[in-house]
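Below are the chains, spelled out letter by letter.
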Amino acid sequence: MRAVPTVQQAVHVRAPAKINLVLRVGAREPSGYHQLATVFQAVSLFEDVVASPAEEISTSTTGRWAEHVRDDESNLAYRAASLLAEASGTRTGVHLEITKRVPVAGGMAGGSADAAATLLACDLLWQTGLAREELGHLAAELGADVPFALTGGTAVGLGRGDVLTPALARGAYHWVLAISEQGLSTPEVFEEWDRLHPEYAEHPSIDDAVMAALISGDAHRLAEVLVNDLDAAAGNLAPGVERIQQVLADSPALATLVSGSGPTVAALAPDHPTAVEIAETVRAMDVADEVEVVTGPAPGARLLESVREDEG
Ligand code: C5P
């Protein structure tokens, strides 16, 4: 039987949010970026992007956090599509339907997940033939957290956080995320960190104990090594963070930390039922605008569905 040529009608891709299990900050480079040593973990809170053929590039966003983003050229998904079109010499456009489940400016790289999902979706829709490695380079151009949203899992990030090495990690971890409606600007949090650490020149690194804890798969061991150098800076700019951390300190959470540049606070639970119980406590105390129970590690950007139609 002769193969019937097909055209892609829609490509549906899903990409994860992340938390930083460890975030060590070093000196600010002349580029304005800080050297980082971080351990990312992708978690089961996802952005969905459905890409369909169109003459121009456009986005439309729905979902819990849609009102916080603009559907214009400043949208990171728009910029991802436009960068890929330029890099691959694609002349057609794309319409991107984004479902936002990850808080905006929450320290969980939701915009980066949109960008990663868009790169993969448009790559498939336009059949650019670019290697996954080249997508990784484009991802890093879009933002320090975008490469990780492509790969997912658990990974060490060096450089600006964009030079990734997958980490050997066993088991699944249960997290409670306490989310604030009012986000934090990442550059402002780094500026606050600079203010708190003038003349800081140390080279950040990840302790061996962190890698050993990840290999053990033991949440109690992981709880002992969780650390975020941006914790105090985020807390200074978002006072709600401290209140959330106080509530979590009185809960059965094994440890809590700010995710990335905040203000989302992540609490590590020993198991799923305890995570649900902690989430109930945070809701009852009314200290967060949204509470999610998630697991990590979650996979990176992946194709969920591709709708094809026979050509002609
Ligand atoms: O790369 P991304 O757009 O996510 O970074 C946003 C801002 O966060 C940067 O412009 C910079 O101010 C700050 N940042 C930093 N060091 C990093 C990552 C981000 O100072 N490694």
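All values reported here derive from a predicted model rather than from experimental measurement.

Observations regarding the site of the ligand
All residues adjacent to the ligand are Gly32, Tyr33, His34, Leu36, Gly143, Ala144, Arg160, Thr186, Pro187 and Phe190. Within the side chain of Tyr33, an N or O atom sits 2.8 Å from an oxygen atom of the ligand. Within the backbone of Arg160, an N or O atom sits 3.1 Å from a nitrogen atom of the ligand. For the ligand, the accessible surface in isolation is 450 Å², of which the surrounding protein chains cover 76%. The site holding the ligand turns out to be the largest pocket. Elements that contribute at least two residues to the shell around the ligand include exactly strand S2 (34-54) and helix H5 (186-196). Broken down by element, the residue count for the shell around the ligand peaks at three residues, all from H5. Mapping the shell around the ligand onto the domain boundaries places at least three of its residues in each of domain 1 (9-166) and domain 2 (173-296).

Remarks on the nonpolar core
Residues Leu84, Val94, Leu96, Leu119, Trp126 and Leu142 are the most contacted members of the largest nonpolar core, which totals 36 residues. Breaking this core down by element, the ones donating at least two residues are strand S1 (6-28), S2, helix H1 (76-88), strand S4 (93-99), helix H2 (110-126), helix H3 (132-142) and helix H4 (146-151). With ten residues, H2 is the largest single contributor of residues to this core. Other than its neighbours up to four places away in sequence, Val94 contacts Ala51, Ser52, Ala54, Glu56, Ile57, Ser58, Ala81, Cys122, Leu125 and Trp126.

Topic: the pairing of S2
Counting buried residues along S2, 16 of its 21 residues qualify, which places the element largely inside the surrounding structure. In this sheet, strand S5 (residues 154-158) lies alongside S2 in antiparallel orientation, the contact comprising four bridges. Each bridged residue has a counterpart across the sheet, and for Phe40 the counterpart in S5 is Ala155. Pairing analysis gives seven bridges linking S2 to S4, with the strands arranged antiparallel. For Asp48, the partnering residue across the bridge sits in S4 and is Thr99.

Some thoughts on the pattern of salt bridges
The final tally for this structure, using the stated rule, is eleven salt bridges. Salt-bridge contacts for Asp48 lead to Arg101; the nearest nitrogen and oxygen are separated by 3.3 Å. Here Arg101 lies in the loop between S4 and H2 and Asp48 lies in strand S2, a separation of 53 residues in the sequence. What makes Arg101 partly exposed here is its relative accessible area of 30%. Between Arg64 and Glu181 there is a salt bridge; the shortest N-O distance is 3.1 Å. A residue pair is termed long-range when its members are at least 10 positions apart, and Arg64 in the loop between strand S3 (57-62) and H1 and Glu181 in the loop between strand S7 (173-179) and H5 qualify at 117 residues. Taking relative accessible area as the criterion, Arg64 reaches 34% and is therefore assigned partly exposed. Residue classification places Glu181 among the partly exposed residues on the basis of a relative accessible area of 27%.

Points about the sheet that holds S7
Read across the sheet, four strands follow the order S9-S10-S7-S11 without closing on themselves; strand pairing throughout is antiparallel. With partners counted over all chains shown, the strands left at the sheet margins are strand S9 (255-258) and strand S11 (290-296), one partner each. Each strand of the sheet is rotated relative to its neighbour by a mean of 25°, with strand direction disregarded. When S9 meets strand S10 (residues 265-269), the two strands line up antiparallel, connected through four bridges. Note that in S10 the partner of Leu257 across the bridge is Ala266. The strands that helix H10 (residues 272-285) touches are S7, S10 and S11; relative to S11, the one it contacts most, it runs at about 165°.

As for the domain arrangement of the protein
Assigned domains within the protein: domain 1 (9-166) and domain 2 (173-296). Relative to domain 2, the C-alpha centre of domain 1 lies at a distance of 22 Å. Taken together, the 33 residues of domain 1 in the interface contact 42 residues of domain 2. When domain 1 packs against domain 2, the two sides together hide about 3000 Å² of surface, and 61% of this comes from carbon and sulfur. By the criterion of area lost to domain 2, the three top residues of domain 1 are Leu21, Leu23 and Val25, representing 18% of everything that side buries.

Thoughts on the packing of helix H9 (residues 240-249) against H10
Running from amino to carboxyl end, H9 crosses H10 at an angle of 130°, the nearest separation of the two axes being 10 Å. Classified by the angle their axes make, H9 and H10 are oblique. For H9 against H10, the interelement crossing comes out right-handed. Counting all contacts with H9, which are made through Arg243, Val247 and Leu248, the residues of H10 involved are Ile278, Thr281, Val282 and Met285. For the contact of H9 with H10, the class distribution of residues is five nonpolar, one polar and one charged.

Parameters and conventions
- Residues numbered from 1 in each chain as written.
- Predicted model: local features only at pLDDT ≥ 70, side-chain atom pairs only at ≥ 80, totals over all residues.
- Heavy atoms only, no water.
- Near = heavy atom within 4 Å.
- Polar contact = N/O pair within 3.5 Å; in protein donor to acceptor, adjacent residues only side chain to side chain.
- Areas by Shrake-Rupley, 256 points an atom, 1.4 Å probe, with all protein chains shown as cover.
- 1 Å grid on protein atoms, 1.4 Å probe; cavity = no way out; pocket = protein on both sides within 12 Å on 5 of 7 lines; lining within 4 Å.
- Sits in = over half its atoms within 2 Å of the grid points.
- Helix = DSSP H or I, 4+ residues; strand = E, 2+ residues; numbered from the N terminus.
- Domains from an automatic or database assignment.
- Core = buried A, V, L, I, M, F, W, Y, C linked by side-chain atoms within 4.5 Å.
- Buried < 20%, exposed > 50% of the residue type's maximum accessible area, 1.4 Å probe, protein only.
- Contact = heavy atoms within 4.5 Å.
- Pairing = 2+ DSSP bridges.
- Salt bridge = Lys/Arg side-chain N within 4 Å of Asp/Glu carboxyl O.
- Axes fitted to C-alpha atoms, helices over the stretch in contact; angles between N-to-C directions.
- Buried area = accessible area lost by both parts, 1.4 Å probe.
- Parallel < 35°, antiparallel > 145°, perpendicular 65-115°, else oblique.
- Left-handed = near helix turned anticlockwise from the far one by under 90°.
- Nonpolar A, V, L, I, M, F, W, Y, C, P; charged D, E, K, R; others polar.

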